[in-house]
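# Commentary on secondary and tertiary structure
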Amino acid sequence: AMVRAAAASAWAAAACSLTCGNTEAEGGCPSLRCVRGADEKVCVGGSGTGCTLESCRQRCGDDSQGCTHFAYDPAEQDCYLFREGCVLEPNSDYTTYALLRSCVVPVEGGGCPDTSCGGGTPGCGAEVCDLATCKAHCEATTCTHYSFEESSGVCTVFVDDCVLE
């Protein structure tokens, strides 16, 4: 059990480095908010239209414009929705959350060990390959993520967002 806790902590720290891949269940990315740009402030606490964390998450999930992340300030009950990715910047008032858990750590940073995206297609066809070949196959296509199982040599590529299972 200790090894899993350490791995989960390492995952949480790594996922919060550039963008936030942590959902509410993983604690989000505290003291960070996505850089403002393609965002919408949907709850303003000081004006009487504040909301709860749960309603902020629900607004992101119901958003017809493709919300991927939301940021919540519990003291002010403010909520921002972000629709075009999320590059984090320090903001001690907010915690940012990914709507769906995803892997945001590149292979050079260790990737996301012991996790897998749902779906995908074989990256090396029916052949067994190595990590470098799997990565090269992904880079040569419209792949957004790839996974590689060292013990079997199985490479899987993903062309859409990686929602971790």
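The residue numbering used here restarts from 1 in each chain and proceeds along that chain's sequence as written. It should be noted that, the model being predicted, local features are given only for residues of pLDDT at least 70 and side-chain atom pairs only at 80 or more, the latter also being counted only at that level, while totals for whole chains, interfaces and linings use all residues. Excluding hydrogens and water, the side-chain values take into account all heavy atoms of the structure.

### Observations concerning the packing of aromatic side chains
Threshold: Stacked, tilted and edge-to-face pairs are distinguished by plane angle, under 30 degrees for stacked and over 60 for edge-to-face with tilted covering the rest, among Phe, Tyr and Trp rings (Trp via its six-membered ring) whose centres lie within 6.5 Å. Counting as a charge over the ring demands two things of the Lys NZ or Arg CZ atom: a distance within 6 Å of the ring centre and an angle within 35 degrees of the ring normal.
The final tally for this structure, using the stated rule, is three aromatic pairs. Three or more aromatic residues link up through ring pairs in this structure, and these residues are Tyr 80, Phe 82 and Tyr 94. It is Arg 33 that lies over the ring of Tyr 80; its NZ or CZ is 4.8 Å from the centre.

### So, the sheet that holds strand E8 (residues 154–158)
Worth spelling out the cut-off: Paired strands, as defined in this entry, are two strands with at least two bridges between them according to DSSP. Strands are runs of DSSP state E lasting at least 2 residues, helices are runs of H or I lasting at least 4, and numbering of each runs from the N terminus. Contact between two residues is taken to exist if any of their heavy atoms lie within 4.5 Å; hydrogens are not considered. Lines fitted to the C-alpha atoms define the axes, with helices restricted to the stretch that makes contact. Angles between their N-to-C directions range from 0 to 180 degrees.
Sheet architecture is open: three strands sit in the order E6-E8-E7, paired in antiparallel fashion. The strands lining the two open edges of the sheet, one partner per strand, are strand E6 (121–122) and strand E7 (145–149). In this sheet, E8 lies alongside E7 in antiparallel orientation, the contact comprising five bridges. Note that in E8 the partner of Tyr 146 across the bridge is Val 157. Against the sheet, helix H3 (residues 131–139) makes contact with E7 and E8, and its axis sits at roughly 160° relative to E7, the strand it touches most.

### Things to note about the sheet that holds strand E1 (residues 29–34)
Pairing is antiparallel in the open sheet, where five strands are placed in the order E1-E5-E3-E4-E2. The open sheet terminates on both sides in strands that have one partner only, identified here as E1 and strand E2 (39–43). For this sheet, the mean angle separating the axes of adjacent strands, direction not counted, is 45°. Relative to strand E4 (residues 78–82), E2 runs antiparallel, the two sharing four bridges. Note that in E4 the partner of Asp 39 across the bridge is Phe 82. Where helix H2 (residues 53–62) meets the sheet, it contacts E2, strand E3 (69–73), E4 and strand E5 (88–98), and its direction lies at approximately 160° from that of E3.

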